[in-house]
Amino acid sequence: MPTLTTIQYQFDSNLTVTSLISLPKPVVLLQAFGATGSTIYSYRVSALNSYGETLASDPVVIGNGNSILSSTNFIRVSWQVVEFSTSYKVYGRTVNGELLLASVYDTYFDDYGDLNPSGALPTKDTSGYDSDKLSVGRFQKLFTGSNDLYDNYISSLPAFNYSFGEDYWNFLNRRDNTQRYFHFIRAIKISENIIWIFILRYHASGSNIRGIEFFTFNRSSWSVTWNGSLNITFNSNQAAGDIDFDIMYEKTTEGYVETVDGSFLISGTNTVFLDRKISINSRIGFGSNDPTKISQWFTISEIISNTKLTINGVPNVVGKYVRYIIEEIRFVVATNVNGLYYVKGIVPEDFRVNNPINTIAVSSGLDRRKLVYNLRDANTNSFVNIVGIAIGPKIDENTQYLYVRNSRYVFNDTKFFVFNLRKDLTVVNNYDITAFSFSSGFLPSLNRYGYFYGLKYIKPKSGIYKDKDLLMFRMQYDILLVEPHKIIKDGKYYFDTSYTLSRGSIPYVRSYDSQNTPDFHYDPYTDSFIWPPYGDRPLNISNLSTGMEEPRWFHMGYPFSSDLFKKNIRDYSHHLTGGGQKYLSSVDGILFLSNYQVQYQYPNMTHMHVYPIGSDCDLPSESENRVICPKISTINFSKLIRLQVDNQHMTGENPDFSLPNDPYRVFYRTEGIEDNSGEWTKLTEDFTLSHINLKTHIQFMFNFKQGLTLIPARVYSYALVGEKLELLPNIFRFNSNVSNLSGNIFGFEQIKVNSNSFNLKITIYREKDNKILFTQTSSSTQFGTFQYFNVNNWVSGVGSNSIGTLRRFVFNSGFVNDGKLKIKIELIWG
């Protein structure tokens, strides 16, 4: 009867973890500073994470280096940030003989010649996938806790709810004692782990003040932090009917600067302070081009020229060839009165957590300042029903378009107004009309209503519009796409594609809900279009490149928002607490959503929800978001039976009111394991493996579904079950004293008497693929000879059926045993 054997893995701290995705190699640039010469130097750079190191970049050679390097005459080795790296290693100086020079935590290294190269180049990329380790994707994590089994598991990063809380809300009330509620939300990426989030905050109806809240999302800690509030001023009182909100993150690092101790003057080389149209009161940091490496920021007081500016303090880094970074945030707010408000020169320090709140005034004439600029198309605006704005990409230093969509509650009354945000502004009577470029004609005749909110500038990653710039906007039942260059002055524009807003077969979704959502979004990471319906309805995720044939849905709380469920589910906090309009933004597959309804001015009904939509196994990003387990040797299995998986099925302390966890899938492969090239095959729901042809190894992969209940699956362990390959019958045991495997002799001894006399059969397997090389019985000598020890000599044959009998198989002289064989002995009768 076959013997079952099991190999089990716990998802706990005993597993060795690595990243599923390897880091890319850095791209290196060289520059000689000081007195140059004709000496040739070569450098290469590798990137490191907490798991390992990449291969070094291709060598980059410079031929004008000084023969004697010093702090005055040196070579600067620089490279772009490699996302998710923790440090870098620089190798140099001899061409094709580069050795380790330094470990670096920034993105440059100045070679002064004072270090002796020592240490070989890496020969293998160890920063990512490893077949012997647990390889974890971007949105997955090995959670390890106490010794309790159920505190240790593999899962997707969870959706969660950031609640603003009573203290925060009371603080806002003390500021101005007016109604307020959160509205549009926009996010921008600062680094691989840091995302800035800005939420436009309504004030009371008729106010000329709008608030902006500033938050930081930290991907490494998976947490949100409030950084403070800022007020901006409109040039007239108007109802709380803001239509749209967008942001720009400006970053300048060109060239380098000279800083002098005690001087506020900063002198640049190859800098473009004026041409980049930097605003006064932006911030500047010294010593790095990476904002996360800046230890102290300074305010820009004056921009004198492309190569000179002044700051509000003494620089903390002094030198002649100093790297630097200038940062500035800009906002555009579209309103239902007086059109557009363009805010320049904002920096994180403008947001305050203590009174008094900082308020930005309207410009009365000056451009490139920390001010609010009212943009119009004429002295009296032509656009009176804005339904969406979108900022296009920067074309050059003088050109970046803002598209404004205007529409009314009638057919065919949709047109565009186009502004150039890089235009130098001329403010007269507290507003500017010089940034206005042109307006289009109306949308051609369509049997659709056009007064539906939203406009987005997108660039799909796949499909017929791959890598094309597009404007995407809503009609009554459709999503329309148009290429921006087709929007021309006074001309009718023709949309390129129309997609119908399908509700699919999901319950609790009404046509009214999909029509009345005030916001929608395109997420580049997942190449997906997203819109949140009005009320307690599911969040719709549709893949744009496949034509949105059948949308997928993320449930956001309905029907799980009742008090009954909230009291009985431990992980309910990421579900919505009520209906109302919802606003969203995403960065790298992380979706941020805020609620809005008049009653949401109260803290217990105001939340920001964070959804890791990029982790979903049905999206194109799935290849980066999976968990690949260490390979398992099957050399001692005669047959595989099944995979046993221990996971959490339900979440909730009270079983009567628990919810199921989102599902997961399991895949296997037996080839392409070492280099991660093998194709995966999905296991059936019972995880049966009996159909698999044995190879030397098998490997399993888990991926996770996201969004059915928003409670991610938790997998605690898995076990491979199969029939044990008995290499020796239980009456024998291996004997090393009579074996010489390198000499092609396999020896064993009898440890108990068999009930019947027997003959023997030997089978030789090749380990790498379990292929049988030969099979031979004791009556044959084709590949070798069975022998037994008789008194003083080895004799051909089987020998007596008695305890202590020594036997061996001696391979013929032509057989080569390379140590990678598996030898099986069986009893046969007759």
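Relevant structure appears above.
Thresholds, definitions, all that
- Residues numbered from 1 in each chain as written.
- Predicted model: local features only at pLDDT ≥ 70, side-chain atom pairs only at ≥ 80, totals over all residues.
- Heavy atoms only, no water.
- Helix = DSSP H or I, 4+ residues; strand = E, 2+ residues; numbered from the N terminus.
- Phe/Tyr/Trp six-rings, centres within 6.5 Å; stacked < 30°, edge-to-face > 60°.
- Buried < 20%, exposed > 50% of the residue type's maximum accessible area, 1.4 Å probe, protein only.
- Patch = residues over 30% accessible without salt bridge, like charges linked within 9 Å, V, L, I, M, F, W, Y side chains within 5 Å.
- Areas by Shrake-Rupley, 256 points an atom, 1.4 Å probe, with all protein chains shown as cover.
- Salt bridge = Lys/Arg side-chain N within 4 Å of Asp/Glu carboxyl O.
- Core = buried A, V, L, I, M, F, W, Y, C linked by side-chain atoms within 4.5 Å.
- Contact = heavy atoms within 4.5 Å.
- Pairing = 2+ DSSP bridges.
- Axes fitted to C-alpha atoms, helices over the stretch in contact; angles between N-to-C directions.

The next thing to look at is the environment of Thr-709. Looking at the element boundaries, Thr-709 is found in the loop between β53 (697-704) and β54 (714-724). Between the alpha carbons of Thr-709 and Pro-663 there is a distance of 9.5 Å; along the sequence they are 46 residues apart.

Turning our attention to the packing of aromatic side chains. The description of an aromatic ring pair uses the distance of the two centres, along with the angle that the planes make with each other. As enumerated under the stated definition, the model contains 51 aromatic pairs in all. Their ring planes at 85 degrees and their centres at 5.9 Å tell us that Phe-11 and Phe-702 sit as a pair that is edge-to-face. One end of the pair, Phe-11, is in the loop between β1 (4-10) and β2 (17-19); the other, Phe-702, is in strand β53, with 691 residues separating them in the sequence. Given a relative accessible area of 1%, Phe-11 falls into the buried group. A relative accessible area of 0% places Phe-702 in the buried class. Ring geometry for Phe-143 and Tyr-153: centres 4.9 Å apart, planes at 20 degrees, overall stacked. With Phe-143 in strand β11 (residues 140-143) and Tyr-153 in strand β12 (residues 153-156), this residue pair connects regions lying 10 residues apart in the sequence.

Looking now at a nonpolar patch on the surface. Taken together, the side chains of Ile-40, Val-61 and Val-95 present a nonpolar region at the surface, about 250 Å² in accessible area. Take Val-95: it is sitting in the loop between β7 (87-93) and β8 (99-104).

Attention shifts here to the nonpolar core. Nonpolar side chains in soluble globular proteins tend to be buried together. Within the largest apolar cluster, 48 residues are counted, with the highest numbers of intra-cluster contacts made by Ile-197, Phe-198, Phe-217, Phe-245, Phe-331, Phe-592 and Met-608. At six residues, strand β15 (residues 194-202) tops the list of elements feeding residues into this core. What Phe-198 contacts, discounting residues up to four positions off in sequence, is Phe-184, Ile-185, Arg-186, Ile-188, Ile-212, Glu-213, Phe-214, Phe-245, Ile-247, Ile-329, Phe-331 and Phe-351. The next biggest cluster of nonpolar side chains, apart from the first, holds 30 residues, and it includes Leu-640, Tyr-664, Ile-692 and Phe-700.

The three strands lie next to each other as β3-β6-β9, forming an open sheet whose pairing is antiparallel. Looking along the sheet, the strands with just one partner apiece sit at the ends: β3 (28-33) and β9 (108-111). Across the sheet, the mean angle separating the axes of adjacent strands is 20 degrees when strand polarity is ignored. In this structure, strand β6 (residues 74-79) lies alongside β9, joined through four bridges in antiparallel fashion. Among the inter-strand pairings, Arg-76 is bridged to a residue of β9, identified as Asp-110.

Moving on, we get to the sheet that holds β7. Spatially, four strands are ordered β5-β4-β7-β8 in an open sheet, and the strand pairing comes out antiparallel. The open sheet has two edge strands with one neighbour each: β5 (60-65) and β8. Each adjacent strand pair in this sheet contributes to an overall mean axis angle of 30 degrees, direction not counted. Across four bridges, the pairing between strand β4 (residues 39-48) and β5 is antiparallel. Looking at the pairing, Ser-42 lines up with Val-61 of β5.

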